[in-house]
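Structural features, examined
The chain contents come next:
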Amino acid sequence: MPSNPTFVFGDRDARPPKANRAVEHIIGDMFTTQGFVGLGIFLQALFSFLLPHPYSFVPGAILIAIATLPNILRLVGLYPKDKEAAVIVGKTAAYLDFADPRHANKQPGSPAFTDYNERRVPPLALMLIGSQCRSKFGAVQPEFKEMGEVFASMIEELRTAPPEDDVGFLNAEFYMHGGESANNSNMVCIYWRSYQHMYRFAHKEGGKHWPAWNKYRTLQREQHKLGTEIGIWHEVFEISNAEAIYHNMPRMGLGDMWDAVRTMSGQVVYRNSLVVGSGSYATSDGRMGYEREYHTEKM
């Protein structure tokens, strides 16, 4: 008989924070290694021209120290680690039925109460939404930068919504597009409890999405050239089943979904979807629920 999944994390009183990509990281992604080397050569030449010879190397040395010191401190164990971004050693998987109230008050290492023969796969909705800037300023174009800030503020609005609002938000991941030498495209992958939750948020009065969409449409009408240089897109999928595996990775994607669950005492806690990748969750078939059918056929 396949085993039930074992939770990696226990319940929490609040959804944990998630770091957003800063503008300097986006700008950094726009440059290749050759670009950084060329920029460094130019700056060093400029400092050599503007400053007396003994001091011309000081600005470059300061920049190198700022860039490398955090990594050196991490290597020697003196830099504080981000617990939320810590790598989880070993094999883990995503458990889609993690928010079932029967699992309430779960501690790390606790098994779920699910009867594998009555496996329930709740539906999910996945939204991919992104933007691209083709102006000469790329990621530092003010309107494009503002669009990224709006994306981040909408995710924060969803993440901090009280449980009674029932926004259906489970997780969001930010990505940069790597298909071009100038990485001027971004994407947010948002996991929802259902398509209806996503639609309701998009059309919510007083929310952040609808004003932002109207502002983008206004940009297209009133600044035609810039409006055609900044694009926006989205795709939505309704998902009836899914599986995921993570080896020595931080929490991410399906494995970093959090949902509010009401315990038997009436307390609301937040539960994570990550489980140990062992037993029936060690194989792709098992995580998809096909292992049960396979065993039935063999019997």
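I will try to describe carefully the structure that is included in this document. Just so it is clear, the model here is predicted, and its values are computed rather than measured. (Residues numbered from 1 in each chain as written. Predicted model: local features only at pLDDT ≥ 70, side-chain atom pairs only at ≥ 80, totals over all residues. Heavy atoms only, no water.)

Ordered by their spatial adjacency, four strands build an open sheet running β3-β4-β2-β5, and the pairing between neighbours is antiparallel. In this open sheet, the two strands that pair with only one neighbour each are β3 (169–176) and β5 (230–239). The sheet shows a mean angle of 15 degrees between the axes of neighbouring strands, taken without regard to direction. In the sheet, strand β2 (residues 124–133) pairs with β5 via 10 bridges, with the strands oriented antiparallel. Within β5, the residue paired with M127 across the bridge is V236. Packed on one face of the sheet, helix α4 (residues 142–159) meets β2, β3, β4 (185–192) and β5 and runs near 160 degrees to β2. (Pairing = 2+ DSSP bridges. Helix = DSSP H or I, 4+ residues; strand = E, 2+ residues; numbered from the N terminus. Axes fitted to C-alpha atoms, helices over the stretch in contact; angles between N-to-C directions. Contact = heavy atoms within 4.5 Å.)

Attention now moves to the pattern of salt bridges. Within this structure, the stated rule accounts for 11 salt bridges. Measuring nitrogen to oxygen at the nearest pair gives 2.7 Å for the salt bridge that ties E229 to K225. Here E229 pairs with K225, and both are found in helix α7 (residues 224–229), just four residues apart, close to one helical turn. E243 is paired through a salt bridge with R287; the nearest N and O atoms lie 2.5 Å apart. Taken together, the residues E243 in the loop between β5 and β6 (245–249) and R287 in helix α8 (residues 284–288) connect sequence positions 44 residues apart. On the basis of relative accessible area, E243 is assigned to the partly exposed category, the value being 29%. Because the salt bridges share partners, they merge into one network encompassing D166, R193, R200 and D259. (Salt bridge = Lys/Arg side-chain N within 4 Å of Asp/Glu carboxyl O. Buried < 20%, exposed > 50% of the residue type's maximum accessible area, 1.4 Å probe, protein only.)

So, on to the nonpolar core. Core analysis: the largest hydrophobic core is formed by 24 residues, its most contacted members being I155, L158, F169, V188, I190, W192 and I230. Sorting the residues of this core by element identifies β2, α4, β3, β4, α5 (195–202) and α6 (209–222) as the ones contributing at least two each. Sorting elements by how many residues they give to this core places α4 first, with six residues. Membership of the second largest hydrophobic core comes to 23 residues, among which are V8, A94, L124 and Y281. (Core = buried A, V, L, I, M, F, W, Y, C linked by side-chain atoms within 4.5 Å.)

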